[in-house]
Amino acid sequence: MKSEKETLLVLTSTGMEIAWRYAWSGFLIFSILDRPFPLPVAVGAFVTAAFFTRLSGKRNWRRIQAALVHLAGFAFAALLIAYHLFYRGSQFFNGDWVADLILQPKTPQQWFILLLVLCCLLLFWLGGRSWEKRPRDYFTVCLQFDKGLGVLLLLLLIKFLIELKGGIRLEDPATGLLVIAFIVFSLISIGLARRRGDAKKSFLAGFHGIGVILGFTTAVVLCGAGLILLAFPYFTQIADSTHSILQEAAEPLGPVIVKIVRFIFGRSRFQIETGGSGTVDLGMNPVDPSLAGDGEVFLRQVIGWGLAGILGLLAVGVLG
């Protein structure tokens, strides 16, 4: 049980660190480039930096060796970020886009954008490195929660001032969800870190099984909610940015698709000539529960009461 709690604490503390870093990176990149910051590459950079830091510590590498390994990993992550943001149309293993990125003359605006992208990536890389070196006790987790909450409040304040003073409304739906994800991961991490003591803990007599089930269910539901809130803004921004591209690409196929749909779902020539109709009579309600059999009504009741029971158990677990 102790190892499971340690694993859950590692995952929730990682989510807490990634949430506020991705809120800032996503806000900056989306405001300038109108495209999302690649979440998989950012998470990969965070995890890779933490792995290299642990590997160098266990094998007692020299500082120059650890620095070279971190530099190589960061350079590869920078290439991945540049590919996802600027060269998605090219093949990744083709060196032409790398040569174009390095050798092509750039304007000061382009240099500023590249520097900003590298700074956002460096935020994740240094975050993974410091996360691995940092102890995960109660005081440290609370301190990281205070830092992340302060940074997120600063981000919200900047957005408010931009909209109030500059009159510019930034369409950034990701920040609110990432704030909620940060709070969810932080509360779980603080609770787990607080219960890491060596004091013996026990349940009340007769409530051991219920306590274990409710605790596990609550932890899983909250972690799943945090992961959904963390990943949802990225997929939402991808959908928004690719909507116009798909609309332009599918515009010439519009008449063809309409003909195909009419051929599949339209009335056949035989029905038109004979006067037959393939539709349901408007006087009948096909979804009326009174028309369904007793078995279907009973099945609906069982499903409804089952969902209500699950929600009740989750509410009791959260309150407990």
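Analysis parameters
Residues numbered from 1 in each chain as written. Predicted model: local features only at pLDDT ≥ 70, side-chain atom pairs only at ≥ 80, totals over all residues. Heavy atoms only, no water. Core = buried A, V, L, I, M, F, W, Y, C linked by side-chain atoms within 4.5 Å. Buried < 20%, exposed > 50% of the residue type's maximum accessible area, 1.4 Å probe, protein only. Helix = DSSP H or I, 4+ residues; strand = E, 2+ residues; numbered from the N terminus. Phe/Tyr/Trp six-rings, centres within 6.5 Å; stacked < 30°, edge-to-face > 60°. Lys NZ or Arg CZ within 6 Å of the ring centre and 35° of its normal. Axes fitted to C-alpha atoms, helices over the stretch in contact; angles between N-to-C directions. Parallel < 35°, antiparallel > 145°, perpendicular 65-115°, else oblique. Left-handed = near helix turned anticlockwise from the far one by under 90°. Contact = heavy atoms within 4.5 Å. Patch = residues over 30% accessible without salt bridge, like charges linked within 9 Å, V, L, I, M, F, W, Y side chains within 5 Å. Areas by Shrake-Rupley, 256 points an atom, 1.4 Å probe, with all protein chains shown as cover. Salt bridge = Lys/Arg side-chain N within 4 Å of Asp/Glu carboxyl O. Disulfide = S-S within 2.5 Å.

## Section: the nonpolar core
Step number 1: In terms of nonpolar packing, the biggest core is built from 48 residues, with Ile29, Phe37, Ile81, Leu121, Trp125 and Phe182 touching the most fellow members.
Step number 2: Elements supplying a minimum of two residues to this core: α1 (2-33), α2 (39-58), α3 (63-86), α5 (108-133), α6 (138-165) and α7 (174-194).
Step number 3: One finds Tyr83, Tyr87, Leu101 and Leu114 within the second-largest nonpolar core, a separate group that totals six residues.

## Describing unusual backbone geometry
Step number 1: The residue Asn60 is not glycine, and still its phi comes out positive at about 55 degrees.
Step number 2: Looking at the element boundaries, Asn60 is found in the loop between α2 and α3.
Step number 3: The exposure class assigned to Asn60 is exposed, which follows from its relative accessible area of 66%.

## Notes on the packing of aromatic side chains
Step number 1: Considering all chains together, one arrives at twelve aromatic pairs under this definition.
Step number 2: Summarising the aromatic geometry, the rings of Phe37 and Phe124 are spaced 6.0 Å apart at their centres and angled 10 degrees between planes, so their arrangement reads as stacked. Residue Phe37 is located in the loop between α1 and α2, and its partner Phe124 is located in helix α5; the two are separated by 87 residues in the primary sequence. When sorted by exposure, Phe37 lands in the same class as Phe124, which is buried.
Step number 3: Their ring planes at 50 degrees and their centres at 6.0 Å tell us that Phe51 and Phe52 sit as a pair that is tilted.
Step number 4: Three or more aromatic residues link up through ring pairs in this structure, and these residues are Phe76, Tyr83, Tyr87, Phe92, Phe93 and Trp97.
Step number 5: The ring of Trp111 has Lys106 sitting right over it, with the charged end atom 5.4 Å from the ring centre.
Step number 6: The side chain of Arg136 reaches across the aromatic face of Trp131, ending 4.4 Å from its centre.

## Comments concerning the packing of α6 against α7
Step number 1: Viewed as axis vectors pointing N to C, α6 and α7 meet at an angle of 170 degrees, and their least axial separation amounts to 9 Å. In this view, α6 runs roughly antiparallel relative to α7, as classed from their interaxial angle. For the crossing formed where α6 meets α7, the hand is left-handed. For the pair formed by α6 and α7, the contact residues are Tyr138, Val141, Cys142, Gln144, Phe145, Gly148, Leu149, Leu152, Leu155, Leu156 and Lys159 on the first element and Thr175, Val179, Phe182, Ser186, Ser189, Ile190, Ala193 and Arg194 on the second.

## What to know about a nonpolar patch on the surface
Step number 1: Residues Leu154, Leu157, Phe160, Leu161 and Leu164 make up a contiguous nonpolar surface patch of about 480 Å² in total accessible area.
Step number 2: On the secondary structure map, Leu161 appears in helix α6.
Step number 3: Accessibility expressed as a relative area gives 40% for Leu161, which makes it partly exposed.

## What to know about the state of the cysteines
Step number 1: On inspection of all chains with the given rule, the structure shows zero disulfides.
Step number 2: No disulfide involves Cys120; its sulfur sits 7.0 Å from that of Cys119, the nearest cysteine.
Step number 3: Classification of Cys120 as buried rests on a relative accessible area of 4%.

## Observations regarding the pattern of salt bridges
Step number 1: Counted by the stated rule, this structure contains three salt bridges.
Step number 2: Ionic pairing is found between Arg134 and Glu17, a salt bridge with its closest N-O pair at 3.6 Å. With Arg134 in the loop between α5 and α6 and Glu17 in helix α1, this residue pair connects regions lying 117 residues apart in the sequence.
Step number 3: For Glu132, the salt bridge goes to Arg54, with nearest N and O atoms at 3.0 Å. Taken together, the residues span a long stretch of sequence, with Glu132 in helix α5 and Arg54 in helix α2 at a distance of 78 residues.
Step number 4: Each member of the salt-bridge network shares a partner with another, and the members are Glu17, Arg21 and Arg134.

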